Amino acid sequence: MARRQRKRRRSSASHSLGLYLISAFLFAAVIGVVISAFYFRPDEVAINPETLCPKAGPSAITAIVIDRTDSFGVVTKADIETQIDNLFSSLKTGEEISLFTVDETKNAVLSPVARICSPQDPDEVNPLTGSRPIAEQRWAEKFLGPLEGVLSEILTEKEANQSPILESLQSISVTHFGSKGRAGIPRRLIVISDLLQNSDAVSFYKNPPNYASFRESISGRGMNADFRDVKVEIWLVQRNHAAQGKGSDVLKFFGNWFEQNGGDLSRLLRLTGMND
């Protein structure tokens, strides 16, 4: 009986030692993970508190130009809001979004009605060093909420006598994409418009779009811009108007204009609905 008891004690001691070693290993592993999370975490990026953009500059730029010189139908307006909301949600941390409206540039160049960078994506939060609920609140209150408020105001009916689309795009190419500090990163331009150019210089209501004639004209030579290394998307607002027709002529005109000025027309989207 004594021999059996000694074997049981030895077995029990070995089992306890094994549990102790496993527990110690797991504890050390957890401590290692925590230390690594703090030691190897990315350096804090200095952020502009007004724009939420890195002070060193955004990691990518998207400019959205909305032509509200004619009204939108309810279906097209809803489609614009859905497409832009999807775009907002796809932005990564530090990417900049700017909203512009088509306007005259006789007295001043255009400035964005909103310019802000996407804050930290809640999905990118390290649970050991950050808080997902706080990141979600910041994203909703500081980024998405203000942008949706400005967008709602832009899409409110505010018709104008002229629609200087080319002049607006030219202004944005200079003031928004032209500086050296904004080169070398992904840049995108989204134009939401019926493309019915109507200004003193060029009017599709007076003369059908003809890019060859426009290019050789004084107005055409003065309407140059620089969209090199800029991805361009056109979201066409469809209108029941003879000047637009089926949309092919205005699309061809603007496609040629962007190409001549270095832009890369990467996407064409016909927005849902027909507008007056």
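Coordinates for the structure precede this section.
Description of the structure in this document. If you're wondering where the values come from, they're calculated on a predicted model, not measured in any experiment.

Membership of the largest hydrophobic core comes to 33 residues, with the highest contact counts inside it found for Leu 169, Leu 189, Phe 227, Phe 254, Trp 257 and Phe 258. Elements represented by at least two residues in this core include exactly strand S1 (60-66), helix H4 (165-175), strand S4 (187-193), helix H5 (211-216), strand S5 (230-236) and helix H7 (248-260). For this core, the element with the most residues is H7, which contributes six residues. When neighbours within four sequence positions are excluded, Phe 258 is seen to be in contact with Leu 169, Leu 189, Val 191, Phe 227, Val 232, Ile 234 and Gly 263. Counting 26 residues, the second largest nonpolar core, distinct from the first, contains Ile 97, Leu 99, Ala 114 and Leu 155.

Looking now at the packing of helix H2 (residues 74-90) against helix H3 (residues 132-154). With their axes 12 Å apart at the nearest point, H2 and H3 run at an angle of 155° to one another. The angle between H2 and H3 falls in the class roughly antiparallel. The handedness of the crossing between H2 and H3 comes out as right-handed. Only Trp 139, Phe 143, Leu 144, Leu 147, Glu 148 and Leu 151 of H3 make contact with H2, whose side of the interface consists of Glu 81, Ile 84, Asp 85, Phe 88 and Ser 89. Classifying every residue of the contact of H2 with H3 gives seven nonpolar, one polar and three charged.

Attention now moves to H2. Helix length check: H2 (17 residues) gives 25 Å between terminal C-alpha atoms against 24 Å at 1.5 Å per residue, within 8%. For H2, the full list of buried residues reads Thr 76, Asp 79, Ile 80, Ile 84, Leu 87 and Phe 88.

So, how was this worked out
Residues numbered from 1 in each chain as written. Predicted model: local features only at pLDDT ≥ 70, side-chain atom pairs only at ≥ 80, totals over all residues. Heavy atoms only, no water. Core = buried A, V, L, I, M, F, W, Y, C linked by side-chain atoms within 4.5 Å. Buried < 20%, exposed > 50% of the residue type's maximum accessible area, 1.4 Å probe, protein only. Helix = DSSP H or I, 4+ residues; strand = E, 2+ residues; numbered from the N terminus. Contact = heavy atoms within 4.5 Å. Axes fitted to C-alpha atoms, helices over the stretch in contact; angles between N-to-C directions. Parallel < 35°, antiparallel > 145°, perpendicular 65-115°, else oblique. Left-handed = near helix turned anticlockwise from the far one by under 90°. Nonpolar A, V, L, I, M, F, W, Y, C, P; charged D, E, K, R; others polar. Expected span 1.5 Å × (residues − 1).

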